[in-house]
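Residue-level listing of the chains:
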Amino acid sequence: MADKLIIFDTTLRDGEQSPGASMTKDEKLRIARQLERMKVDVIEAGFAASSNGDFECIKAIAHAIKDSVVCSLARANDRDIARAAEALHGGAATRIHVFIATSALHMEKKLRMTPEQVYEQAKLSVRFARKLSGDVEFSPEDGYRSDPDFLCRVIEAAIHEGATTINVPDTVGYAIPELYGGFIKSLRERIPNSDKAVWSVHCHNDLGMAVANSLAGVQLGGARQIECTINGLGERAGNCSLEEVVMALRTRRDYFGLELGIDTTQIVPASRLVSQTTGFVVQPNKAIVGANAFAHASGIHQDGVLKARDTYEIMRAEDVGWSTNKIVLGKLSGRNAFRQRLQELGIELDSEAEVNATFAKFKELADRKSDIFDEDILALVMDESVTSQHEHYRLLSLSQASETGKRPHAKVAFLAGATQREAESDGNGPVDASVKAIESVLHSGAEMLLYSVNAITSGSTESQGEVTIRLQLGGRVVNGVGADPDIVVASAKAYLSALNKLESKVERVSAQG
Ligand code: KIV
Ligand code: ZN
């Protein structure tokens, strides 16, 4: 039988460390459920000691998820580890993931500890974690840039104390595939008790090689767990992308020969969910999940694919979930059909009131847009989850006038808490006028770092526009997302959504901090 490869998803922890990607508890729960549906082996749900908010998210996820192991990150100290165990308590299958930096640079400059102190702390913390959990992962942070002799000592001690998984992070994305694969191989050969743990790879994408390095860690190094994120989300250039690494292993099973538990048809829905939730747009030419990943524009390619699909396609679009772009509901669809489609999409709304509010929005949308696709429903639900929980600002109405040769003008009415605000402004275009109108009364002073518009369902002007706006204020970066068939309205919603996120100040300790 082929070896099993464990897929460890860290979208909700390392992915969320990406500036502006922070998520609410409900958003994290929804993503965790989608990861479970995709049959991910391990879900790293967060870093319990980093904030009370993250603690509550992990707790909720550990209670909700039954078919994947739920994991919390912890620094190598008793307080963090106890907090992780407390958050995971009662979960069906859980893991504590302990880390401490082992590179000379990190030990001296960041931790201000001697190698001996780090060695002792690694040893004692794994010992303590094993008292609280039978499943303990140990990561020497910046492992790839660590002195190999020292790393061997630390890892040997961690395994001796009961670590069941050893993860070797390339924290700064410095590795080269052949060298990283060789590094893992040599650690496994040199450490006498290496066969007592599962070996894992964790690669960042600073040189664009996270997927290649992870695959080399598996193929050359013998690792049997890959840590990755949906859409490659993560700090700086991100982490190893789940969809790419999984489809490489599956498409080239002839070469890798490894068994995977993943239901790949859930990949595109997961990608859409993560990008709509975080506001991190997927580039059109991104492998597997980009809008163009299976589009053949040139006549020669189209002709070839029509004659024999495998002339230009090495994977089938439907195998990764690209089959959803079909009409699912319309103006005449009733509450039951709507509720059933929510169920089929795996969306669980918390209360009858939420179902009713979302259904009302669906009816409103169906009056303006003839065909409703799964992507539209997902956008509605995202919008509703923002609306019902922590929305301080909320768009009420917007009108705008633009005409060739005249300066566009916009009038906006919105709620700020319980107070209705109205404002108007002109601008370079109607979107600019709407944003300036909102700013003319709120004076947030936030700097706009990104404005992007995408069609939610591809290929037609009938689609809803999905706008992402990234704002920066006082060192914080947030993303707001808004969807509407009218892109000016979608833009105003996105702007207010970003301001809402700036309002809710969630403080977190970063794992790489
Ligand atoms: O990149 C890294 O080193 C990490 C560790 C905390 C595992 O994310
Ligand atoms: Zn990382």
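The preceding data block contains the structure.
Keep in mind it's a predicted model, so treat the numbers as computed, not measured. Starting from 1, residues in each chain are numbered consecutively following that chain's sequence as written. The naming scheme follows written order: chains are lettered A onward, ligands numbered 1 onward. Owing to the predicted nature of the model, reporting of local features is limited to residues with pLDDT of at least 70; listing and counting of side-chain atom pairs is limited to 80 or more, with chain, interface and lining totals taken over all residues. Hydrogens and water molecules were not included; the side-chain quantities draw on all heavy atoms of the structure.

(A) Inspection of the environment of T24 at higher detail. The residue T24 is located in the loop between β2 (6-9) and α1 (25-37) in this model. To sort residues, take the accessible area from a 1.4 Å probe on protein chains only and compare it with the maximum for the residue type: under 20% means buried, over 50% means exposed, and anything in between is partly exposed. Overall, T24 belongs to the buried group, its relative accessible area being 17%. Separated by 23 residues in sequence, T24 and F47 place their C-alpha atoms 14 Å apart. Counting from the N terminus, the helices are DSSP H or I runs at least four residues long and the strands are E runs at least two residues long.

(B) A look at the coordination of the zinc ion (ligand 2). Taken together, the protein ligands of the zinc ion (ligand 2) are D14 (OD), H202 (NE2) and H204 (NE2), with distances of 2.0 to 2.2 Å. Metal-coordinating donors are taken as N, O and S atoms lying within 2.8 Å of the metal, or within 3.2 Å when the metal is Na, K or Ca; because water is left out, some sites can appear incomplete. Coordination of the zinc ion (ligand 2) draws on donor residues from a single chain, spaced D-x187-H-x1-H in sequence. Residue class for H204 comes out buried when judged on its relative accessible area of 1%.

(C) Examining the site of ligand 1 more closely. Near is defined per residue: the residue qualifies when any heavy atom it owns lies within 4 Å of the molecule or strand. As a matter of local geometry, ligand 1 sits amid R13, D14, H97, F99, S139, E141, P169, T171, H202, H204 and Q512. Here a polar contact is recorded for every N or O atom pair within 3.5 Å, except that within protein the pair must consist of a potential hydrogen donor and a potential acceptor, and residues adjacent in sequence are included only if both atoms are side-chain atoms. T171 has a polar side-chain atom sitting 2.6 Å from an oxygen atom of ligand 1. Protein chains bury 100% of the 260 Å² of accessible surface belonging to ligand 1 in isolation. Of the residues belonging to the shell around ligand 1, the class tally is two nonpolar, six polar and three charged. For accessible areas, the Shrake-Rupley method is used with a probe of radius 1.4 Å. Any residue's cover is judged against the shown protein chains and nothing else. Put simply, Ala, Val, Leu, Ile, Met, Phe, Trp, Tyr, Cys and Pro go in the nonpolar bin, Asp, Glu, Lys and Arg in the charged bin, and everything else, Gly too, in the polar bin.

(D) Summary view of the nonpolar core. To define a nonpolar core, start from buried Ala, Val, Leu, Ile, Met, Phe, Trp, Tyr and Cys residues and group those joined through side-chain atoms within 4.5 Å. M38, I96, F138, I166, L187, W199 and I226 are the most contacted members of the largest nonpolar core, which has 108 residues in total. Here this core gets eight residues from one element, more than from any other, and that element is helix α6 (residues 148-160). Residues are treated as being in contact if the distance between any of their heavy atoms lies within 4.5 Å. Ignoring anything within four residues of it in the chain, the contact list for I226 reads L5, I6, I7, F8, V201, S214, V218, C240, V245 and L249. In this structure, A416, V435, A437 and L471 belong to the second largest nonpolar core, which totals 27 residues.

(E) The packing of helix α5 (residues 115-132) against α6, seen in detail. Close contact between α5 and α6 brings their axes to 8 Å; oriented N to C, the two are set at 20°. Accordingly, the angle class assigned to the pair α5 and α6 is roughly parallel. Seen from above, α5 lies across α6 with right-handed handedness. Between α5, through P115, E116, V118, Y119, A122, K123 and V126, and α6, the contact on the second element is made entirely by F150, R153, V154, A157 and A158. Class assignment of the residues belonging to the contact of α5 with α6 gives a composition of nine nonpolar, no polar and three charged. In this analysis, axes come from line fits to C-alpha atoms, helices being fitted only over the stretch in contact, and the angle between any two N-to-C directions falls in the range 0 to 180 degrees. Any angle between 65 and 115 degrees counts as roughly perpendicular, while under 35 counts as roughly parallel, over 145 as roughly antiparallel, and the rest as oblique. For any helix crossing, the convention is left-handed if the near helix is rotated counterclockwise from the far helix by under a right angle, and right-handed if that rotation is clockwise.

(F) The sheet that holds strand β4 (residues 69-75), seen in detail. Judged by pairing direction, the barrel is parallel, and its eight strands sit side by side in the order β2-β3-β4-β5-β6-β7-β8-β9 before closing back on the first. Going from strand to strand, the sheet's axes swing by 25° on average, the running direction of each strand aside. Two elements, strand β6 (residues 136-141) and strand β7 (residues 165-170), share two bridges in a ladder whose sense is parallel. Within the sheet, the bridge partner assigned to E137 lies in β7 and is T165. Packing of α6 onto the sheet brings it into contact with β6, β7 and β8 (198-203), and relative to β6 it is tilted by some 165°. Two strands pair under a simple rule: DSSP has to find at least two bridges between them.

(G) Structural view of the packing of α1 against helix α11 (residues 267-278). The geometry of α1 relative to α11 is characterised by a closest axis approach of 10 Å and an angle of 170° between their N-to-C directions. Here α1 lies roughly antiparallel to α11, going by the angle between them. At the point where α1 passes α11, the crossing takes the left-handed sense. Contacts between α1 and α11 involve E27, R30, I31 and Q34 from the former and P269, A270, L273, V274 and T277 from the latter. The class makeup of the residues in the contact of α1 with α11 is five nonpolar, two polar and two charged.

(H) Examining the sheet that holds strand β14 (residues 409-416) more closely. Spatially, β13-β14-β15 is the arrangement adopted by the three strands of the open sheet, whose pairing is antiparallel. The two strands at the open ends of the sheet, each matched to only one other strand, are β13 (393-401) and β15 (419-426). Ignoring strand direction, the axes of neighbouring strands in this sheet form an average angle of 15°. For β13 and β14, the ladder comprises eight bridges, and the chain directions are antiparallel. Each residue of the ladder has a partner; that of L398, found in β14, is V412. Helix α16 (residues 430-442) contacts β13, β14 and β15 of the sheet and is inclined by roughly 130° relative to β15. Lying on the sheet, helix α17 (residues 487-503) is in contact with β13 and β14; it crosses β13 at an angle near 150°.

(I) Here's a closer look at the side chain of Q17. Take Q17: it is sitting in the loop between β2 and α1. Side-chain polar atoms of Q17 contact the side chain of R13, separated by 2.9 Å. The residues touching Q17, leaving out its near neighbours within four places in the chain, are E235, S510, A511 and Q512.

(J) Summary view of the pairing of β15. As defined by bridge partners, β14 adjoins β15 across eight bridges and the pair is classed as antiparallel. Along β15, the bridge assignment pairs H409 with D426. Here β14 hands over to β15 after two residues, with G417 in that stretch at a positive phi of 65°.

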